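Letter by letter, the chains look like this.
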Amino acid sequence: MTSRPALVWFRNDLRLSDNPALHAATKNGAQVIALYILEEAKGLRPMGAAWRWWLTGSLRTLSENLEARGVSLVLRRGNPIKIIAELVGDEKIGIAYWNRRYVAAEAKLDTEIEQQLLANDCAVETFNASLLNEPWSIQSKTGGPIRVFTPYFRASEERGNPRNVIGYVGKIGAAKAPKSETLEDWDLEPSKPDWATDMDVSWTRGENGAKQRLKDFLKDALKGYAEHRDRPDIDGTSRLSPYLAHGEISPHQIAEAMPARGRDADKLRAEIGWREFSYHLLHHYPALARENFQRRFDAFPWRDDNKALARWQRGLTGYPIVDAGMRQLWRTGWMHNRVRMVCASFLIKHLLLDWRLGEAWFWDTLVDADPANNAASWQWVAGSGADAAPYFRVFNPMLQGEKFDPDGSYVRNWVPEIAALPNETIHKPWVASPLELAAAGVALGKTYPAPIVDHQEARERALRAFEALKT
Ligand SMILES: Cc1cc2nc3c(=O)[nH]c(=O)nc-3n(C[C@H](O)[C@H](O)[C@H](O)COP(=O)(O)OP(=O)(O)OC[C@H]3O[C@@H](n4cnc5c(N)ncnc54)[C@H](O)[C@@H]3O)c2cc1C
């Protein structure tokens, strides 16, 4: 053990429990300096607005939880290479601990920092905290990436539980904390206008909220998850995604807390498997958010139509299930998975707009914006990804609505201007008779938009465009 202080650099692991880097720093009784950097460096993708809003709450909780153990969280904004070099020099830090990350630009930065520290007599120890299996630890028989989910997931299941959960850290020895900026300095939450009021009501950000959410989900919704997870009108999924994205909970904690077997637990494990698979893909294809995984899609004739894009973003397409999803996203920073698929398919196939426009909008508005999941999922819907949906699968928004929101309650909640329509027409208001529309107080084109495109025509246009690509 060194008498010099130890640095714990928090990044996307904003929790005290099951945090291998923090655990390693405390187990030897080192005097800890806890650091979070709002990173600004070339090559890093700026975080979206909803993500930044979440981050503020998350750091507030982390800071309080650390403070309760006598440690102050040091906040700095800027280039991490410079900040860490200064801090290590000024505070005579002997060892730095952090948990690894997997976006290529971030991993490159971490390697650079590690080399710089080692050259300056500061040891470095890094850990896996956020994935059951790190992206390179599962390989094809020839040692390369696996491009199809099923064999990937089978291989991960065969590996079994990679490690036990590390409990809440007990005592933390604190070094004298260096100067810190404040969350108020950073001003990451909106004020004028404050678009986050509904988000505040919807979420308890931070590690404590993550624990509560997991507990509630296991008690109220795990039973039936396999059946209910496709229903946006039911609170049937875990809603743990923003907590996972910010590292307020680890997949190990979720895996350990749920039953080892059973239809519902198996399904949830498979969904977490999709997250792991996305990271596997991102590791092997770092440009996943920018480039088509299948390069033949580079020739795809995307349309250029800012007006249509804006109507999609605002939930004004005239297709109720799409509009409900886009408004849920805007208001709460989250959208149900089934509806994400329908909305993404609508942008790509009905409107023929480039999937990257949708990916960017989700990146800015999702509280769970995740570099691997978001990019991989958009490419999955576009058909350009690995193990993607076939291009000819064009979601029918009316049928999707009728099947997964059968009594229209999800649509009624988010699109109140058509709430009085009967179940038969709630997912397709344009087929309602003038009398029905009048009785429900709906004037199509005035109180609620007429469909932005005709479904059948748009579907045929999309199939023609995708068919041309094939030949
Ligand atoms: C176009 C599109 C964009 C998406 N963007 C993101 C994103 O930025 N961040 C993100 O976390 N998820 C994304 N997803 C995947 C999925 O929609 C969300 O993970 C899920 O809706 C989160 O809700 P939940 O936590 O209640 O999920 P649950 O059903 O409770 O699942 C538990 C966990 O498993 C993982 N998971 C579930 N479904 C998927 C999936 N299809 N792919 C990968 N992981 C999954 C998530 O980490 C989730 O928290 C996207 C899906 C689509 C179709």
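From a predicted model like this one, the values you see are computed outputs, not experimental measurements.

Parameters and conventions
- Residues numbered from 1 in each chain as written.
- Predicted model: local features only at pLDDT ≥ 70, side-chain atom pairs only at ≥ 80, totals over all residues.
- Near = placed C-beta within 6 Å.
- Helix = DSSP H or I, 4+ residues; strand = E, 2+ residues; numbered from the N terminus.
- Domains from an automatic or database assignment.
- Core = buried A, V, L, I, M, F, W, Y, C linked by C-beta atoms within 7 Å.
- Buried ≥ 20, exposed ≤ 12 C-beta atoms within 10 Å, placed from the backbone.
- Contact = placed C-beta atoms within 7 Å.
- Pairing = 2+ DSSP bridges.
- Right-handed = clockwise from strand over helix to strand, strands pointing away.
- Nonpolar A, V, L, I, M, F, W, Y, C, P; charged D, E, K, R; others polar.

### Topic: the site of the ligand
Right, so step 1: The ligand sits among 28 residues. The nearest are T237, S238, N337, N374 and S377.
Right, so step 2: Looking at the shell around the ligand, the elements that each hand over two or more residues are α10 (241–245), α12 (263–284), α15 (337–350) and α17 (371–382).
Right, so step 3: By residue number, the principal contributor to the shell around the ligand is α12, which donates 6 residues.
Right, so step 4: In this structure, the shell around the ligand is formed jointly by two domains, domain 2 (131–163 + 207–284) and domain 3 (295–466), each of which donates at least three residues.

### Quick notes on the nonpolar core
Right, so step 1: The biggest cluster of nonpolar side chains holds 124 residues, and the ones touching the most others in it are L7, V8, A34 and L35.
Right, so step 2: Ranked by residues supplied to this core, first place goes to helix α2 (residues 49–67) with 9 residues.
Right, so step 3: In this structure A34 touches V8, F10, L66, V71, L73 and V74, once residues within four positions along its chain are discounted.

### Topic: the environment of L366
Right, so step 1: With respect to the helices and strands, L366 occurs in the loop between α16 (355–365) and α17.
Right, so step 2: Here the alpha-carbon distance between L366 and T237, two residues 129 residues apart in the chain, equals 16 Å.
Right, so step 3: Those residues in contact with L366 that lie beyond four places of it in its chain are G48, A50, L329, G333 and W334.

### Re the pairing of strand β5 (residues 123–127)
Right, so step 1: Pairing geometry for strand β4 (residues 95–99) and β5, over 5 bridges, is parallel. Looking across to β5, one finds that N99 is bridged to F127.
Right, so step 2: You can see the chain leave β4, run along helix α4 (residues 104–119) and come back into β5, and the turn it takes is right-handed.

### Details of the domain arrangement of the protein chain
Right, so step 1: Under the domain assignment used here, the protein chain contains domain 1 (6–129), domain 2 (131–163 + 207–284) and domain 3 (295–466).
Right, so step 2: Each of domain 2 and domain 3 has a C-alpha centre, and the two are 26 Å apart.
Right, so step 3: Taken together, the contact between domain 2 and domain 3 spans 17 residues of the former and 20 residues of the latter.
Right, so step 4: Where the side of domain 2 that touches domain 3 is concerned, the elements lending two or more residues are α10 and α12.
Right, so step 5: Among the elements that make up the side of domain 2 that touches domain 3, the one with the highest residue count is α12 (5 residues).
Right, so step 6: Taken together, the residues of the side of domain 2 that touches domain 3 break down into 8 nonpolar, 3 polar and 6 charged.

### What to know about the pairing of strand β2 (residues 31–39)
Right, so step 1: Here strand β1 (residues 6–10) pairs with β2 via 5 bridges, running parallel. Directly across from L7, in β2, lies its bridge partner I33.
Right, so step 2: For the crossover from β1 across helix α1 (residues 20–27) to β2, the handedness is right-handed.
Right, so step 3: Bridging between β2 and strand β6 (residues 173–174) involves 2 bridges; their strand directions are parallel. Paired with V32 across the bridge in β6 is A174.
Right, so step 4: The sheet contact formed by β2 and strand β3 (residues 73–78) spans 6 bridges and is parallel. Opposite E39, over in β3, you have G78 as the bridge partner.
Right, so step 5: Of the crossover connections in this fold, the one passing from β2 over α2 to the parallel β3 is right-handed.

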